[in-house]
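One letter stands for each residue in the lines below.
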Amino acid sequence: MTTPAAQRWRRRLPDTAMSDGAPTLARRLGRIDLTAMGVGTIVGAGIFVITGVAAAEKAGPSIVLSFVLAGTVCVLVALCYSELAAMVPVSGSAYTYTYATLGEGPAFLVGWNLLLEFVIAGAAVAIGWSGTTVSALDSLFGITIPKAIAAGPTEGGIVNLPAMLIIGAIVAVLVGEVSLTARITKVLVGVTIGVLVLVVAVGAPHIDVQNWTPFAPFGVSGIIGGAAIAFFAFLGFDVVAASAEEARNPRRDIPFAIIGTVLIATVLYALVSAVLTGMAPFATLNNGAPIATAFDGLKIGWIGNVIVIASIIALTKGLLMIVYAQVRLGFAMCRDRLLPFGLAQTGKRSTPVRLTLLLGTVCAAIAGLLPIDIVVELVNIGALSAFAVVCIGVLVLRKAEPERERPFRTPFVPVVPVLALVGCVLLATTLDGLTWVRFAVWVLVGVAVYLGYGRKRSTLAPVAVR
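Parameters and conventions
Residues numbered from 1 in each chain as written. Predicted model: local features only at pLDDT ≥ 70, side-chain atom pairs only at ≥ 80, totals over all residues. Heavy atoms only, no water. UniProt positions renumbered as here; feature names shortened; annotations may be inferred. Helix = DSSP H or I, 4+ residues; strand = E, 2+ residues; numbered from the N terminus. Buried < 20%, exposed > 50% of the residue type's maximum accessible area, 1.4 Å probe, protein only. Contact = heavy atoms within 4.5 Å. Expected span 1.5 Å × (residues − 1). Axes fitted to C-alpha atoms, helices over the stretch in contact; angles between N-to-C directions. Parallel < 35°, antiparallel > 145°, perpendicular 65-115°, else oblique. Left-handed = near helix turned anticlockwise from the far one by under 90°. Salt bridge = Lys/Arg side-chain N within 4 Å of Asp/Glu carboxyl O. Phe/Tyr/Trp six-rings, centres within 6.5 Å; stacked < 30°, edge-to-face > 60°. Lys NZ or Arg CZ within 6 Å of the ring centre and 35° of its normal. Patch = residues over 30% accessible without salt bridge, like charges linked within 9 Å, V, L, I, M, F, W, Y side chains within 5 Å. Areas by Shrake-Rupley, 256 points an atom, 1.4 Å probe, with all protein chains shown as cover. Core = buried A, V, L, I, M, F, W, Y, C linked by side-chain atoms within 4.5 Å.

Per an unreviewed UniProt entry, the protein is named APC family permease, and its organism is Nocardia suismassiliense. Database annotation for the protein, UniProt heading Subcellular location (unreviewed entry): "Membrane".

Here's what the structure looks like:
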């Protein structure tokens, strides 16, 4: 017997289309497209930056175990995501799943936190892209970009124009058909993975095992702390869930792509981090270009240029997927009228043009004018909170609707969801106290928006109030 809340959910959210005339997205993505989009987001800026910082500050050579730990937590969460994604194959990811299991209020807060995660992450990646590209133009071609248009006001400039321009280019791609986004992503993913294979192949013969001693200089707490930082690098699989409504066969392909994405990324991160910490003392990798640092001593000039170009490609595709995910999340919330419904309207190519332009503008403004430093931790805490709710959602729905069809079933319930939940909580406890304060403020703002706007106009509110 289903609960009244579950019955209400089923009435208002059919599996393949919206029966009330609300806008929908075209189903054009296959399992390879979806996997490429997930890998394209995960195997991006993180592997070129986070490996060095996490090794130097947290884990040392045991950063390999940190990536394995973060990847394991993400695999457990991915199994929970997969069950709900196959049952509810529409846009919105964790927001949609929370709506289906815990109701409108908790769902709004999950969506609100994920919007924070995606917008801040997009701005941070755009700023990183700007810095890397400006440096590459100078070192490779002798082209110097004036600081006035390459940095924000607090960094001695006027505006970070390259960061704003790359977001503009990303928005231009995203307002086209989603199949175009998928094709571009597959090409960029192929190039990035090829470069990483090259890094491992060239670097492995130069490993000095003395650099792995001591293997865990900061102990178990260092491994866990490294995993909390490394977790930022694994957030891309949420993009796969966010694209469920555009998958041709979501019940089969979404679980495949989510789990495949996390496994591929975990192997790549572990291999690259092992090679880097074996090639150079881990303390020397504490910078924004650890791969280049590790290879400097080999006197192989050409590989440095390849790594710089690969970094720009990785940042570009990562930004593409982050902006894509924030738009699909916002689309789901607007369609449910928790945010302005008009923003969910789709254009000729079945893409939410208005929302893409709005969120792209906000992201570009942040990237162009503000520095992104401590605030980046909000990305992790927002994601961890959403992932924890998804794990709870699997447990709740198994209890509330045990007979409901599940095209993909999370194995070993309740063990897997509980372990995933514990992993999320464990990683969250390592974050800075000030991050929790900022997160609490953002949540309070979200509660005010929901009570003052969303609850009165949502699809569950009286029609007259909308």
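More follows now that the structure is in view.
Colleague: Whenever I open this one, the overall build of the protein confuses me. Can you help?
Modeller: Counting secondary structure elements, the protein contains 17 helices and 0 strands. Expressed as a percentage of its 466 residues, the buried residues of the protein come to 55%. In the protein, of all internal contacts separated by at least 6 residues, the share reaching a separation of at least 24 is 82%.

Colleague: It is not clear to me how unusual backbone geometry should be interpreted in this structure. Could you clarify?
Modeller: The bulk of non-glycine residues show a negative phi, and the bulk of peptide bonds are trans. Residue proline 214 is bonded to the preceding threonine 213 through a cis peptide linkage, with omega at -5°. Phi at arginine 337 is positive, roughly 65°, even though this residue is not glycine. On the secondary structure map, arginine 337 appears in the loop between α13 (301-335) and α14 (353-369). Residue arginine 337 is classed as partly exposed on the basis of its relative accessible area, which comes to 23%. One non-glycine residue, phenylalanine 412, adopts positive backbone phi at about 55°. With respect to the helices and strands, the residue phenylalanine 412 is situated in the loop between α15 (377-400) and α16 (415-428). Exposure remark for phenylalanine 412: the relative accessible area of 68% places this residue in the exposed category.

Colleague: How should the environment of valine 394 be read in this particular structure?
Modeller: Relative to the helices and strands, valine 394 resides in helix α15. With a relative accessible area of 0%, valine 394 lands in the buried category. Here the alpha-carbon distance between valine 394 and valine 413, two residues 19 residues apart in the chain, equals 8.6 Å. When residues no more than four places from it in sequence are discounted, the contact partners of valine 394 are Cys80, Glu83, Leu84, Thr410 and Pro417.

Colleague: Looking at this structure, I do not really get helix α7 (residues 161-174). What am I missing?
Modeller: Counting along an α-helix, one turn takes 3.6 residues, and residues three or four places apart therefore face a common direction. Here α7 spans 20 Å end to end across 14 residues, near enough to the 20 Å set by a 1.5 Å rise per residue. Of all the residues in α7, the buried ones are Pro162, Ala163, Ile166, Ile167, Ile170, Val171 and Leu174.

Colleague: Even after reading the chapter, I still don't get the packing of helix α6 (residues 104-141) against helix α17 (residues 433-457), so can you show me in this structure?
Modeller: Helix-helix packing is described using two parameters, namely the angle between the two axes and the distance between the axes. It is the contact of α6 with α17, at a shortest axis distance of 10 Å, that shows an interaxial angle of 130°. Here α6 is positioned oblique relative to α17, judged by the angle of their axes. As for how α6 packs across α17, the hand of that crossing is right-handed. Listed contacts from α17 to Glu104, Gly105, Phe108, Leu109, Trp112, Asn113 and Leu116 of α6 are Phe439, Trp442, Val443, Val445, Gly446, Val447, Val449, Tyr450 and Arg455.

Colleague: Where do I start with the side chain of arginine 398 in this structure?
Modeller: As for its position among the elements, arginine 398 is in helix α15. In contact with arginine 398, not counting residues within four places along its chain, are Glu83, Arg406, Arg409, Thr410 and Val413.

Colleague: Before we go on, may I ask you to explain the pattern of salt bridges in this structure?
Modeller: Applying the stated rule across the entire model yields 6 salt bridges. Two residues, lysine 186 and aspartate 33, come together in a salt bridge whose shortest N-O distance is 2.8 Å. With a gap of 153 residues between them, lysine 186 in helix α8 (residues 178-203) and aspartate 33 in helix α2 (residues 31-42) connect regions that are remote in the sequence. With a relative accessible area of 34%, lysine 186 lands in the partly exposed category. Residue classification places aspartate 33 among the buried residues on the basis of a relative accessible area of 9%.

Colleague: Explain the packing of aromatic side chains here, please?
Modeller: For any two aromatic rings, the description comes down to two numbers: the centre-to-centre distance and the angle of the planes. Under the defined criterion, the tally for this structure stands at 7 aromatic pairs. Here tyrosine 95 and tyrosine 99 contribute two aromatic rings whose centre-to-centre distance is 5.9 Å and whose plane-to-plane angle is 75°, an arrangement assigned as edge-to-face. Separated by 4 residues within a single helix, tyrosine 95 and tyrosine 99 lie in helix α5 (residues 94-101), roughly one turn from each other. On the basis of relative accessibility, which here comes to 0%, the residue tyrosine 95 falls in the buried class. For tyrosine 99, a relative accessible area of 5% gives the class buried. A ring pair is formed by tryptophan 112 and tryptophan 442, whose centres lie 4.5 Å apart and whose planes are at 15°; its orientation type is stacked. A residue pair is termed long-range when its members are at least 10 positions apart, and tryptophan 112 in helix α6 and tryptophan 442 in helix α17 qualify at 330 residues. Ring pairs connect the aromatic residues Phe108, Trp112, Trp442 and Tyr450, which therefore count as one cluster. A cation over a ring is seen here: arginine 31 above phenylalanine 256, with NZ or CZ 4.1 Å from the ring centre. The ring of phenylalanine 341 has arginine 337 lying over it, and the distance from NZ or CZ to the ring centre is 3.9 Å.

Colleague: Sorry, what's going on with a nonpolar patch on the surface here?
Modeller: A surface patch of nonpolar side chains, amounting to about 380 Å² of accessible area, comprises Leu140, Phe141, Ile143 and Ile309. Note on placement: isoleucine 143 falls in the loop between α6 and α7. Residue isoleucine 143 is classed as partly exposed on the basis of its relative accessible area of 41%.

Colleague: Would you take a moment to explain helix α11 (residues 250-279) for this structure?
Modeller: When the terminal C-alpha atoms of α11 are compared, their 42 Å separation across 30 residues agrees well with the 44 Å that a helix rising 1.5 Å per residue should span. Most of α11 sits out of view: 22 of its 30 residues are buried.

Colleague: Help me understand the nonpolar core, please; the structure alone is not making it clear to me.
Modeller: A general trend in soluble globular proteins is that nonpolar side chains are found buried together. Within the largest apolar cluster, 138 residues are counted, with the highest numbers of intra-cluster contacts made by Val77, Tyr81, Ile167, Phe234, Phe237 and Ile258. If one sorts the elements of this core by residue count, α13 sits on top with 18 residues. Setting aside residues up to four positions removed in sequence, isoleucine 167 forms contacts with Ala126, Leu319, Gly360, Cys363, Ala364 and Ala367.

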